[in-house]
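Structural overview for review
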Amino acid sequence: MQELRATLDHHARRYYDYDDPEIPDADYDRLLAELRHLEDAHPDLAEPDSPTRRVGGIPNPIFAPVVHTTPMMSLHNAFDLVELKAWEERVQRRLGGRVVGGYTGEPKFDGLAISVRYQQGRMVQAATRGDGRIGEDVTGNVATISDIPHRFGPDAPATLEVRGEVYLSLPAFEALNQRRQARAEKPYVNPRNAAAGSLRQKDPAVTAERGLSFWCYQLGAVSGELRLTSHIETLRWLASLGFPVNEHAVRLDDLAAVEAYVVDFEARRHDFDYELDGVVVKVDDVDLQAELGADAKAPRWAIAYKLPPEERTTTLLDIEVSIGPSGRATPFARLAPVFVGGVTVTTATLHNEDQVAAKDVRPGDTVIVRRAGDVIPEVVGPVSANRPDGSVRWVFPRCCPVCDEELRRDEGAAATFCVNFYCPRQVRGRIEHFASRMAMDIEFLGEKNIDRFVTEGLLRDVADLYRLDFDAIAALEGFGDVSVANLRSAIEASRSRPLNRLLFGLRIPEIGQANARLLASSFGTMDRIIDADEAELADVDGFGPVIAAAVGTWFGDRRARRLIDRLRAAGLRMEADSVAVEEPGAPQTLAGKAVVVTGTLAGFSRQEARSAVVARGGKSPGSVSSRTFALIAGTDPGAAKVNKAAEAGVPVIDESGFGQLLETGELPG
């Protein structure tokens, strides 16, 4: 218990006094809960100044002390719905079994609690929570926060204290860190610490440029007659005075509604432009709040439901390097299992060599792991105070861990690559992508079978799929007649996939699903794509020179050309749907000509018009350039395209002229 108290005191100082925590909030909560459990089991060993009985941190002596007329208390926590239910049962017992009658639910913001005092409707003082009894005078800094009114109407009480949370929105946090990095200053770890550091600046001008915001959530001391019967009514009254009250603060009829509110917020926690780490639930009736009272640390009429932590600490067991389909070598961390962001995590990305060096994480370190929503888990950094003796920096390997060939990093580049095109991991990755559902959709293949076929020497590239030795596969353990027949049938079916699926499956740089569809519809056939120069590729809607250069370079590689020739020989489709299905054998009246379509046509959809151009050998990019042969303008055409055509001297023709153009390849007279 003494060790826990000392550890908690240390981390409280890092958090409250220095705004530079060493561990995530969830780890601090876990240590605090462990100490509370021990004190409950051994009350004779409890101490009056235990961290379990304290609120906040010790006020900073550089700011004048402010005594809170009414203590600014903390909140007890619930970490699951069972604990939330237990809190409600305690409330009902204290009320003698009476029905509470309603609650309020509010987001729990991850910022810094403050109190703002007004006299005769004018701001006179603002203070941090401090240790709950004595805070820090930060009036000058709070006065720079535009959300907080300096004055309000004459009907307000003579003395009014408003409490709430100062926070930094996510866009403001990102902008602040960008400015700090540009000045070679250490970036803030998270928005909460950035907000706290900004509010504690000696110079209010520095605070003013940080972009702090404020949510109001409570009344403090009030003088005069003010009869508000519920918490939600109080919030509405404060909003009427001009204080910012979060729009998601709502009244909830019963615990079932509270639980639904909690579940909804957990699902949407990343939909907001500010960080929140939970939901605060309060008994709504202010008379019942007074009857329930408080213990030494927190009111009994409120509880903070903490959402699953998105940062936790664990042990970094080892750093390994994975090789992707493109040969990219990515370092990642092997971790002792840790529950974070709602799942158990055992690996986390380290991005690249520079990131490992900048974070200086080492095998054996205690590290902070973050997983927000569906984002891939990442290692934020080490807890340096826990670093074992004799630790040495991790060095990026010089050879591929799969094939032992050279790893190369070009000058000025962040990524490192295995240079062996036939590295087994690259081969597996390219085939896995090619066979995936959104590419060639080859069912019954799967990663395990691909791995096995590559290991057995049956596959070296994607073209080998179409000359697989099924007799050799049938001889492998675990394969029977049915599984072999299913695999053969799935591979056969993939030959008829349209051109855009093939383009996506080939992992051409810059070509995802959307760009693959644009490339296929603009050129119509694989041969026309191969023959296109970079200027023609750049004319594809949304492409531009960067994508055009990447695509042109890939198709200019002899290895890529040989692969396409082998796939063509295997019978794969090399035409887009519109060419192969809608107008096979159409006369090539527009060969080599670029025709742009804009507006609404009576006889064609936009895609049908573009397909008609492509079917006749032309191209139909999404933008007008000096190389455009004609602009087809229907009703409500795009003004930018029409203006560009006028500037470039490109003929603009209507739908009747379009029909003649398709038939003859000539502009109407």
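Coordinates for the structure precede this section.
Residues numbered from 1 in each chain as written. Predicted model: local features only at pLDDT ≥ 70, side-chain atom pairs only at ≥ 80, totals over all residues. Heavy atoms only, no water.

Positionally, Asn246 belongs in the loop between helix H8 (231-240) and strand E9 (250-252). Among the residues examined, Asn246 registers a relative accessible area of 5% and is labelled buried. Within polar-contact distance, the side chain of Asn246 engages the backbone nitrogen of His248 at 2.8 Å. (Helix = DSSP H or I, 4+ residues; strand = E, 2+ residues; numbered from the N terminus. Buried < 20%, exposed > 50% of the residue type's maximum accessible area, 1.4 Å probe, protein only. Polar contact = N/O pair within 3.5 Å; in protein donor to acceptor, adjacent residues only side chain to side chain.)

Okay, the pattern of salt bridges next. Going through the model one piece at a time under the given rule, you end up with 38 salt bridges. A salt bridge links Glu47 to Arg5; its shortest N-O distance comes to 3.4 Å. Of this pair, Glu47 sits in the loop between helix H2 (25-41) and strand E1 (65-67) while Arg5 sits in helix H1 (residues 2-17), and the two are 42 residues apart along the sequence. In this structure, Arg370 and Glu311 form a salt bridge, with 3.5 Å as the shortest nitrogen-oxygen distance. Of this pair, Arg370 sits in strand E15 (residues 366-370) while Glu311 sits in strand E12 (residues 311-323), and the two are 59 residues apart along the sequence. The class of Arg370 is partly exposed, set by a relative accessible area of 21%. For Glu311, a relative accessible area of 16% puts it in the buried group. (Salt bridge = Lys/Arg side-chain N within 4 Å of Asp/Glu carboxyl O.)

Attention shifts here to the pairing of E15. With four of five residues buried, E15 lies mostly within the body of the structure. In this structure, E12 lies alongside E15, joined through five bridges in antiparallel fashion. Looking at E15, one finds that Arg312 is bridged to Val369. Judged from the four bridges that link them, E15 and strand E16 (residues 378-382) form a sheet pairing that is antiparallel. Counterpart to Val367 in the pairing with E16 is Pro382. (Pairing = 2+ DSSP bridges.)

Let us look at the packing of aromatic side chains. Tallied over the full model, the rule gives 19 aromatic pairs. Seen in terms of ring centroids, Phe434 and Tyr466 are 6.4 Å apart; in terms of plane orientation they differ by 80°. Their pairing is edge-to-face. Here Tyr466 lies in the loop between helix H13 (446-455) and helix H14 (470-474) and Phe434 lies in helix H12 (residues 424-435), a separation of 32 residues in the sequence. With a centroid separation of 5.8 Å and an interplanar angle of 35°, the aromatic rings of Phe453 and Phe479 are classed as tilted. Taken together, the positions of Phe453 in helix H13 and Phe479 in the loop between H14 and helix H15 (481-494) put the pair 26 residues apart, joining distant regions of the chain. Taken as a pair, Phe453 and Phe479 share a single burial class, namely buried. Among the aromatic residues, ring-to-ring pairing joins Phe109, Tyr167, Trp215, Tyr261, Phe265, Phe272 and Tyr274 into one connected group. (Phe/Tyr/Trp six-rings, centres within 6.5 Å; stacked < 30°, edge-to-face > 60°.)

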